[in-house]
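Understanding the architecture of this molecule
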Amino acid sequence: MKFTVSSTALFSRLQAISRVINSKNSLPILDCFLLELRDGTLFMTASDNETTLSTSVEVNEAEEDGRFAVNSKTLLEALKEISEQPLAFTINLGNLEVTVEYMNGKYNLMGQNASDYPEAKSLGANAVEMSLGTDLLLGNINRCLFATADDELRPVMNGIYFDITADDLTLVASDGHKLVRCKTFQAHGDEKAAFILPKKPANMLKNLLPKEEGDVRIGFDDRNATFTTYNYQMVCRLIEGRYPNYTSVIPQNNPHRATIDRAGFISALRRVSVFSSQASSLIKLSLGQDTVKISAQDIDFSTSAEETIACQYDGNAMSIGFKSNFLIDILNNIPSTNIIIELADPSRAGVIVPEEQQEGEDLLMLLMPMMLND
């Protein structure tokens, strides 16, 4: 089995799929890439048994189709230092000896038996399919990921919930303290359906999609989902279970509304939060006529800070407490010059939305309050 391939094309594809490989694997074969030559195309696969990522690259001078596995770390480290040039691979399919020849030298390494490599799961006959733009999926995943949980007792919270209807697609993430709901009217399914995408494959998509164009085809059944782009295909195991009713936790009537410059608000929060209690990170927002006072204190170390910034607010004066790093995370993930904070009372969640929604989108974030000491 022989083929010649561009060193940079091979390295960039292998590096992209290598992120799925765990540092410690239950099966030694999962430390490897699966390489398969078929009709002049080299197909490459990496897997951790839950998520499988595959891609392909065109090759030259291909002789004899075949498949073999090779240690991912060894191959990546060897290719990393080679500048753009053709690499000639020769694989003895009998003893799995691999020879890689390049301009001034060659590598010899041992492959492993491809038949030991686990097969990627295929979707059942009841699979649901839909397509959406790469940028659209990437933007929504980026806004949701920070709000996913790490909760062993409630694994359904550890992923992004895709809620599909015939009119729209909504992505939801929550850790019980903060919640993100990204609704887009630019994508929809044929019927009502839903799945929970685990955090790891969501991170894989976050890394792969910036370089992809066109649409992403999504297919899923009760257990697995596939995401297919122009260059890659990912098959992943879904989180099983019922996602909580997220609409029920979003307060509907919020009479107190403040419009605040987002960048100035983040800067003030960062300065003042330095003086908050390290244990709680509590900051207090006091809304008054067209101003919001941000204050924090740490009684143990006798430190405190307060800062007042301008905003649009003409409701009754009220104060509410939030965890500062959660609030900063939320503000960092809203793509808008100004944000609106909608509040009902100090014991109910604060709703934070962009002043101007992006076209065809409805973005909402929610943060649970903290008890104020006074």
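These remarks concern the structure in this document. (Residues numbered from 1 in each chain as written. Predicted model: local features only at pLDDT ≥ 70, side-chain atom pairs only at ≥ 80, totals over all residues. Heavy atoms only, no water.)

Okay, the sheet that holds strand S20 (residues 291-298) next. Spatially, S21-S20-S19-S22 is the arrangement adopted by the four strands of the open sheet, whose pairing is antiparallel. Single-partner strands in this sheet number two, and they are strand S21 (303-310) and strand S22 (318-323). Strand-to-strand, the axes of this sheet are offset by a mean angle of 20 degrees, without reference to chain direction. Note that strand S19 (residues 282-288) and S20 share five bridges and pair antiparallel. Looking at S20, one finds that Gly288 is bridged to Thr291. Sheet contacts for helix H5 (residues 262-273): S19, S20 and S21; angle to S21, the most-contacted strand, approximately 165 degrees. (Pairing = 2+ DSSP bridges. Helix = DSSP H or I, 4+ residues; strand = E, 2+ residues; numbered from the N terminus. Axes fitted to C-alpha atoms, helices over the stretch in contact; angles between N-to-C directions. Contact = heavy atoms within 4.5 Å.)

Here we come to the layout of surface pockets. Leftover empty space is mapped by rolling, across the atoms, a probe with the size of a water molecule. Computed from the structure, the largest pocket encloses a volume of approximately 440 Å³. Looking at the largest pocket, it is lined by 22 residues, and the ones nearest its centre are Tyr161, Ala194, Phe195, Gly241 and Arg242. Here the lining of the largest pocket takes four residues from strand S14 (residues 193-198), the largest share from any one element. Tallied by class, residues from the lining of the largest pocket come to 12 nonpolar, four polar and six charged. (1 Å grid on protein atoms, 1.4 Å probe; cavity = no way out; pocket = protein on both sides within 12 Å on 5 of 7 lines; lining within 4 Å. Points joined across faces, edges and corners; volume = space filled by probe spheres on them. Nonpolar A, V, L, I, M, F, W, Y, C, P; charged D, E, K, R; others polar.)

Attention now goes to the packing of aromatic side chains. Counted under the stated rule, the structure contains eight aromatic pairs. On the basis of an interplanar angle of 15 degrees and a centroid distance of 4.5 Å, the ring pair of Phe162 and Phe195 is categorised as stacked. Separated by 33 residues along the polypeptide, Phe162 in strand S11 (residues 159-164) and Phe195 in strand S14 bring together distant segments of the chain. The pair formed by Phe162 and Phe195 is uniform in burial state, with each residue classed as buried. When the ring of Phe195 is compared with that of Phe220, the centres are 4.5 Å apart and the planes differ by 45 degrees; the resulting orientation is tilted. Separated by 25 residues along the polypeptide, Phe195 in strand S14 and Phe220 in strand S15 (residues 215-220) bring together distant segments of the chain. For the pair formed by Phe195 and Phe220, the shared burial category is buried. (Phe/Tyr/Trp six-rings, centres within 6.5 Å; stacked < 30°, edge-to-face > 60°. Buried < 20%, exposed > 50% of the residue type's maximum accessible area, 1.4 Å probe, protein only.)

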